[in-house]
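Next come the chains, spelled out residue by residue.
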Amino acid sequence: MSDSTALELLKTKLRSIHHLHDAAALLSWDQETYMPTGGGAIRAEQLATLQTLAHDQFVSADTEALLIALLDTSSGAILPEQAASLDAASQALLRETWRDFSRAKKLPSTFVNELERECSLAQQVWVKARKTNDFQLFLPNLERLVELKRREADYLGFTDSPYNALLDTYEPGATVAQLKPLFHTLRTELVRLLDQIRQSPVHPQTSLMTQSYNTDQQVEFGRLVLTHMGYDFQRGRLDLSAHPFTTAFHPTDVRVTTRVFERDLPSCLFSCIHEGGHGLYDQGLPPSQYGTPLGESISLGIHESQSRLWENAVGRSREFWQYFYPKLQARFPEQLGSVPESEFYLAINRVSPSLIRVEADELTYNLHIMLRFEIELDVIEGRVMIDDLPDVWNAKMQDYLGIIPTSDADGVLQDVHWSLGAFGYFPTYTLGNLYAAMLFQQAKIDLPQLGQHMTEGNLLPLKNWLNDRVHRWGRQYSASDLIKQVTGMALTPEPFIDGLREKFGALYQLP
Ligand code: ZN
């Protein structure tokens with residue numbers, strides 16, 4: 001079998017496996033948007049069947065035989081006689097396929113089934129526990145899940161900390177040793193900045209965000225912004241769901257959702273922009289690599305960098321609103337007609353410590369993430385008892401944000417992640433913010449007219465820049481290599497911190 005034939009056969013195989021994933025993703029999308037509630041139980045079974053089929057096909061002897069023709073399956077190294085004739089992209093495709101394959105093979109299917117069953121059970125218990133503010137109800141499930149996640153880390157293998165194995169699932173290459181000093185620097189700076197903001201004489205008028213805003217008009221405005229961002233509605237849709245999300249089946253079919261509340265203007269607006277950023281990434285992946293790792297996003301952190309860049313660096317900027325605010329006023333003349341742009345700009349950028357992560361502002365959001373990172377690291381490394389988590393949580397809230405939740409529902413029970421077994425996921429949100437700041441700083445250098453373009457509502461130069469620098473590569477580069485390639489720097493919190501200082505320094509008239 002010649003190498004190119006073997007590679008083509010492997011790609012064909014990967015594509016057909018992807019079709020199963022896409023079918024499952026479509027069922028999930030439907031579940032979150034249009035499925036009647038009665039369909040829930042059978043939908044869970046349909047999804048499980050498709051996912052099991054996809055998994056079985058991926059770890060099958062067929063796939064392995066195709067890989068054996070191309071690489072050494074004990075080390076993952078490409079066979080020397082093949083390497084010479086494969087270009088860098090094909091070699092990256094093999095490297096990443098091998099990474100996925102070897103990880104999948106390390107987990108026994110009995111374990112995968114047990115974990116899936118426990119997660120689906122734990123999630124249902126979590127919903128109830130959160131609703132009734134009853135941590136004790138969720139405790140046994142959480143204890144079992146932590147045990148299972150520690151076993152998963154053992155199966156996958158790790159150096160230094162079992163948490164590294166879990167983190168690697170979401171952010172390949174990231175480690176505790178890298179995150180700890182990074183987050184420490186970030187925390188010191190954020191807390192200092194937050195203290196200054198607390199003493200500022202400036203107080204944003206947030207009440208103007210909670211007037212009555214027609215929900216259809218809100219969604220239409222979100223659609224207008226998405227269109228300006230270059231989100232292609234011929235290859236995408238905007239629908240409503242309880243929790244906004246983005247699903248991609250192929251670069252030609254990428255769907256975003258939003259939610260809309262009559263008395264919460266920022267919710268629909270910023271979730272449209274945020275999901276639009278995710279959607280542009282997925283629409284920008286190379287169609288020719290569909291089904292292979294080169295047609296996939298690099299990591300959750302890089303994906304989140306795209307949504308945060310659009311949401312915060314663009315959507316919460318003065319330049320953006322110079323163009324869009326008059327358009328928003330025209331839609332809502334009664335509510336905003338007499339509100340100056342500067343007041344609106346201040347209100348959408350308000351900084352204030354709050355209990356709930358998903359409602360947090362651009363600055364304090366990261367403190368919520370660090371708190372979760374520290375807790376889950378202690379949990380996975382066995383330094384903290386699970387039944388102590390509510391107290392640990394509240395103590396850290398006091399320490400980081402100066403506020404203590406009055407209930408576990410607004411505290412340790414607020415996020416769905418742990419009930420899904422997603423330990424190691426949270427840090428990717430903050431990594432996304434840091435990557436976004438680095439990328440945006442570079443975009444401003446590469447596109448000297450960027451600010452001017454934004455004041456004219458022309459967001460396409462930025463979208464094209466991201467297509468070229470980030471999206472089109474798929475997983476050809478690791479997150480750290482891509483960032484270095486685009487910005488010339490290794491991951492650093494400085495552009496993020498500098499950006500916040502500059503913006504909030506001016507907004508809050510800080511010393
Ligand atoms: Zn996101």
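Since the structure is predicted, the reported quantities are computational estimates derived from the model, not experimental observations. (Residues numbered from 1 in each chain as written. Predicted model: local features only at pLDDT ≥ 70, side-chain atom pairs only at ≥ 80, totals over all residues. Heavy atoms only, no water.)

(A) Region of the structure containing the coordination of the zinc ion. The zinc ion binds to the protein through His274 (NE2), His278 (NE2) and Glu304 (OE), with metal-donor distances spanning 2.1 to 2.3 Å. Sequence spacing of the donors to the zinc ion: H-x3-H-x25-E. You can see His278 sitting in helix α11 (residues 265-283) and its partner Glu304 sitting in helix α12 (residues 300-314), a full 26 residues away along the chain. Look at His278 and you get buried, because its relative accessible area is 10%. (Donors = N, O, S within 2.8 Å, 3.2 Å for Na, K, Ca; no water. Helix = DSSP H or I, 4+ residues; strand = E, 2+ residues; numbered from the N terminus. Buried < 20%, exposed > 50% of the residue type's maximum accessible area, 1.4 Å probe, protein only.)

(B) Fine view of the pattern of salt bridges. For the structure on display, the rule yields 33 salt bridges. Note that Glu118 and Arg144 form a salt bridge whose closest N and O atoms lie 3.2 Å from each other. Taken together, the residues span a long stretch of sequence, with Glu118 in helix α6 (residues 109-131) and Arg144 in helix α7 (residues 135-156) at a distance of 26 residues. Since its relative accessible area comes to 41%, Arg144 is described here as partly exposed. With a closest N to O distance of 3.5 Å, Glu220 and Arg223 form a salt bridge. Taken together, the residues span about one helical turn, with Glu220 and Arg223 both in helix α10 (residues 215-229) at a distance of three residues. Judged by its relative accessible area of 37%, Glu220 falls in the partly exposed class. What emerges from the salt-bridge pattern is a single network uniting Arg95, Glu96, Asp100, Glu296 and Arg475. (Salt bridge = Lys/Arg side-chain N within 4 Å of Asp/Glu carboxyl O.)

(C) Structural detail: the domain arrangement of the protein chain. Once the domains are mapped, the protein chain shows domain 1 (3-156) and domain 2 (176-507). Contacts between the two partners involve 38 residues from domain 1, matched on the other side by 41 residues from domain 2. For the pair domain 1 and domain 2, the two sides together bury roughly 3,400 Å², of which 63% comes from carbon and sulfur. Contact with domain 2 buries area across many residues of domain 1, yet Trp29, Arg130 and Phe135 alone supply 19% of it, more than any other trio. In this structure, Arg475 and Glu96 form a salt bridge, with 2.9 Å as the shortest nitrogen-oxygen distance. Viewed at the interface, domain 2 and domain 1 are joined by 14 residue pairs in polar contact (both at pLDDT 80 or more). The set of elements that each furnish at least two residues to the side of domain 1 that touches domain 2 consists of α1 (3-33), α5 (88-106), α6 and α7. Among the elements that line the side of domain 1 that touches domain 2, the one with the most residues is α1, at 11 residues. Of the residues assigned to the side of domain 1 that touches domain 2, the class counts are 19 nonpolar, six polar and 13 charged. (Domains from an automatic or database assignment. Contact = heavy atoms within 4.5 Å. Buried area = accessible area lost by both parts, 1.4 Å probe. Polar contact = N/O pair within 3.5 Å; in protein donor to acceptor, adjacent residues only side chain to side chain. Nonpolar A, V, L, I, M, F, W, Y, C, P; charged D, E, K, R; others polar.)

(D) Focus on the nonpolar core. One finds Trp310, Trp321, Leu336, Phe344 and Leu389 to be the most contacted residues of the largest nonpolar core, which totals 128 residues. Taken domain by domain, this core gets at least three of its residues from each of domain 1 (3-156) and domain 2 (176-507). Sequence-distant contacts of Leu389, defined by excluding residues within four places in its chain, comprise Phe135, Leu142, Ile375, Val379, Val384, Val412 and Trp418. Core analysis: the next-biggest nonpolar cluster, separate from the first, contains 27 residues, Leu14, Ile17, Phe58 and Leu94 among them. (Core = buried A, V, L, I, M, F, W, Y, C linked by side-chain atoms within 4.5 Å.)

(E) Spatial organisation of the sheet that holds strand β3 (residues 253-258). The strand order across the open sheet built from three strands is β1-β3-β2, with neighbouring strands paired in mixed fashion. Among the strands making up the open sheet, the edge pair consists of β1 (236-240) and β2 (246-250). For this sheet, the mean angle separating the axes of adjacent strands, direction not counted, is 20°. Sheet analysis places β2 next to β3, joined by four bridges and oriented antiparallel. Its bridge partner lying in β3, Thr247 is registered against Arg255. Helix-sheet contacts for α11 involve β1, β2 and β3, and the interaxial angle to β3 is about 165°. (Pairing = 2+ DSSP bridges. Axes fitted to C-alpha atoms, helices over the stretch in contact; angles between N-to-C directions.)

(F) The arrangement of a negative patch on the surface in detail. On the surface, a cluster of negative charge is made up of Glu143, Asp387, Asp388 and Asp391. Mapped onto the secondary structure, Asp388 falls in the loop between α16 (365-380) and α17 (389-401). (Patch = residues over 30% accessible without salt bridge, like charges linked within 9 Å, V, L, I, M, F, W, Y side chains within 5 Å. Areas by Shrake-Rupley, 256 points an atom, 1.4 Å probe, with all protein chains shown as cover. Lys, Arg positive; Asp, Glu negative; His and termini not counted. Charge placed at Lys NZ, Arg CZ, Asp CG, Glu CD.)

(G) Region of the structure containing the layout of surface pockets. Size it by volume and the second largest pocket reaches roughly 730 Å³. Taken together, 28 residues line the second largest pocket, and the ones lying closest to its centre are Ala313, Phe440, Lys444, Gly499 and Lys503. Elements that contribute at least two residues to the lining of the second largest pocket include exactly α12, α13 (318-331), α18 (427-446), α19 (450-455) and α22 (494-507). Take the lining of the second largest pocket: its biggest share by element is nine residues, from α22. The class makeup of the residues in the lining of the second largest pocket is 13 nonpolar, six polar and nine charged. (1 Å grid on protein atoms, 1.4 Å probe; cavity = no way out; pocket = protein on both sides within 12 Å on 5 of 7 lines; lining within 4 Å. Points joined across faces, edges and corners; volume = space filled by probe spheres on them.)

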